[in-house]
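Residues per chain are reported as follows:
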Amino acid sequence: MIDILVERILLFLPDVNVNQLKIEQMETDENSFEVSDRLKGTTFLYIVINEDNNLESFSVDTDYFNQVNIVEKENVIELSRNIVNEFIIDDCDLLHLSAAIDFEGYWLIDFIRKDSFMGLELPNSGVSIQVDKNGLVSGATFINESFEIEEPVMTITTEDAKQRYLDELIIAPMICRFDTDFIGGDDEYHLVYAVEDFVMDIGTNGKVHTIEMFDVQKAEYIELSLVEKSLDKDCITACNQVILFLQSQYENTLNNFRLLKEDYQDLEDENPPFRFTFQRFERGIRVGNATIRIEVDPQTLIITDVNTDSEVLVDLSQITNQCTIPLEEAIEIYGNALEMELCWSKEVEEDQVLYKLNYLSSFPETVGHMRAIDATTGKPWIIDTSYMEEF
């Protein structure tokens, strides 16, 4: 069986002599295999199958091949479609080309299933194929699992969903770098109203779905002067040790950092370390992507690991901390661009894949999502999606 599967994959790879190949089952996983060139002593193909002996994924070490020509996107899409036709037999006609994403060095081509009555995509239900810019297939993942589609209960309108989304929206001042992930990014730091990742979507029944559904809490911070009143006695001593360390490294530590409120030990582990996350603030404004994560041995109280984001070290003293655009205006800018569209969301309940219909946020005029509004100019920060073509 695996021999035939290898031969089918080799149809999409250049100049491989089947007679000099060696196929070995991985010792750690009976469903994983390595394919090597016996003469060169090089492993260049890795295959994973599922319990039904169907292909689940494969990856290719493209350095094994000597191919330097550059191929066009249209040829990559055609090659990817041929791979889909080769390995997806039962419901190939339900798969449609969803996106071609241009990453540096390779293309990612996604084929997704759609439901048969609304024609909407079923997320994570198809095939993703990675093709290097020289036309070599470097990997593919096949999702071919059974699923159910829940019949939607439509009790609210699109406008109702939008209002509920805006009612739960968390948007707050933050100092962030306007990097090249955004359209027109200048790589400088600005004071913005940043949209927090809290609301995920709105159910067609009106229920608001947030990150708390996955036991993820919205961020809350403790001022360092209040740590002893806020933490359990078991970790106060360790935390105070860490604060002393921070004070030896940074000026004005008590004002410039706050402690993230979270579980400070993973009690499921044996002898777990204390883990503290400190968020940088600049004159009372949170700084994006600027944290220090510190681990402490619970027995010796010795700091065992320090991980510091580069933004912690940036001089932001010249960045204003005064918003000239009112928060209400920023929310209005965001709301005017926001629309809600019906989309399927994938959930797993008791090992059964279930698709539920929800309203998701969408920004049709800008294509890319609005992530922030400049707090001094009112300019929206839009994610640059020019590298991705949707079909």
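Bear in mind the structure is a predicted one, so any value in this text is a computation, not a measurement. (Residues numbered from 1 in each chain as written. Predicted model: local features only at pLDDT ≥ 70, side-chain atom pairs only at ≥ 80, totals over all residues. Heavy atoms only, no water.)

A. Looking closely at the packing of aromatic side chains. According to the stated counting rule, one finds 18 aromatic pairs in the structure shown. Measuring from centroid to centroid gives 5.8 Å for Phe 178 and Phe 182, while their planes differ by 40°, and the two rings are tilted. Residue Phe 178 is classed as buried on the basis of its relative accessible area, which comes to 3%. Each ring, one from Tyr 221 and one from Phe 281, has its centre 5.7 Å from the other, and the planes form 80°; the classification is edge-to-face. Taken together, the positions of Tyr 221 in strand 14 (residues 221-223) and Phe 281 in strand 16 (residues 274-282) put the pair 60 residues apart, joining distant regions of the chain. Judged by its relative accessible area of 5%, Phe 281 is buried. Aromatic rings pair up to connect Phe 12, Phe 58, Phe 87 and Phe 142 into one cluster. The ring of Phe 281 has Arg 258 sitting right over it, with the charged end atom 4.0 Å from the ring centre. (Phe/Tyr/Trp six-rings, centres within 6.5 Å; stacked < 30°, edge-to-face > 60°. Buried < 20%, exposed > 50% of the residue type's maximum accessible area, 1.4 Å probe, protein only. Helix = DSSP H or I, 4+ residues; strand = E, 2+ residues; numbered from the N terminus. Lys NZ or Arg CZ within 6 Å of the ring centre and 35° of its normal.)

B. Structural context of the side chain of Ser 125. Within the fold, Ser 125 resides in the loop between strand 6 (106-113) and strand 7 (127-132). Filtering out sequence-adjacent residues up to four positions away, Ser 125 remains in contact with Leu 95, Ile 112, Arg 113, Ile 143 and Tyr 355. (Contact = heavy atoms within 4.5 Å.)

C. Spotlight on the nonpolar core. Ranked by internal contacts, the top residues of the largest apolar core, which has 53 residues, are Leu 231, Leu 259, Phe 276, Phe 278 and Tyr 334. Apart from residues lying up to four places away in sequence, Leu 231 is in contact with Ile 222, Ile 236, Cys 239, Leu 259, Tyr 264 and Phe 276. Core analysis: the next-biggest nonpolar cluster, separate from the first, contains 40 residues, Val 6, Ile 49, Phe 111 and Val 137 among them. (Core = buried A, V, L, I, M, F, W, Y, C linked by side-chain atoms within 4.5 Å.)

D. The arrangement of the pairing of strand 20 (residues 352-362) in detail. With 9 of 11 residues buried, strand 20 lies mostly within the body of the structure. Where strand 9 (residues 147-149) lies against strand 20, 3 bridges are found, and the strand directions are parallel. Considered in strand 20, the bridge of Ile 149 is made with Tyr 355. Pairing geometry for strand 12 (residues 199-203) and strand 20, over 2 bridges, is antiparallel. Counted as the bridge partner of Ile 202 is Tyr 359 from strand 20. Judged from the 11 bridges that link them, strand 19 (residues 339-349) and strand 20 form a sheet pairing that is antiparallel. Following the sheet pairing, Glu 347 is matched in strand 20 by Leu 354. Where strand 19 folds back on strand 20, the antiparallel hairpin that results is connected by 2 residues, among which Glu 350 adopts a positive phi of roughly 55°. (Pairing = 2+ DSSP bridges.)

E. Focus on the state of the cysteines. Applying the stated criterion to the full structure yields 0 disulfides. Residue Cys 176 stays outside any disulfide, its sulfur separated by 12 Å from that of Cys 323, the closest cysteine. Under the relative-accessibility criterion, Cys 176 is labelled buried at 14%. (Disulfide = S-S within 2.5 Å.)

F. Up close: a negative patch on the surface. A surface patch of negative charge is lined by Glu 159, Asp 160, Glu 339, Glu 341, Glu 365 and Glu 390. Looking at the negative patch, the elements with two or more residues in it are helix 3 (158-168) and strand 19. Structurally, Glu 365 is set in the loop between strand 20 and strand 21 (370-374). Judged by relative accessible area, Glu 365 falls into the exposed class, the value being 73%. (Patch = residues over 30% accessible without salt bridge, like charges linked within 9 Å, V, L, I, M, F, W, Y side chains within 5 Å. Areas by Shrake-Rupley, 256 points an atom, 1.4 Å probe, with all protein chains shown as cover. Salt bridge = Lys/Arg side-chain N within 4 Å of Asp/Glu carboxyl O. Lys, Arg positive; Asp, Glu negative; His and termini not counted. Charge placed at Lys NZ, Arg CZ, Asp CG, Glu CD.)

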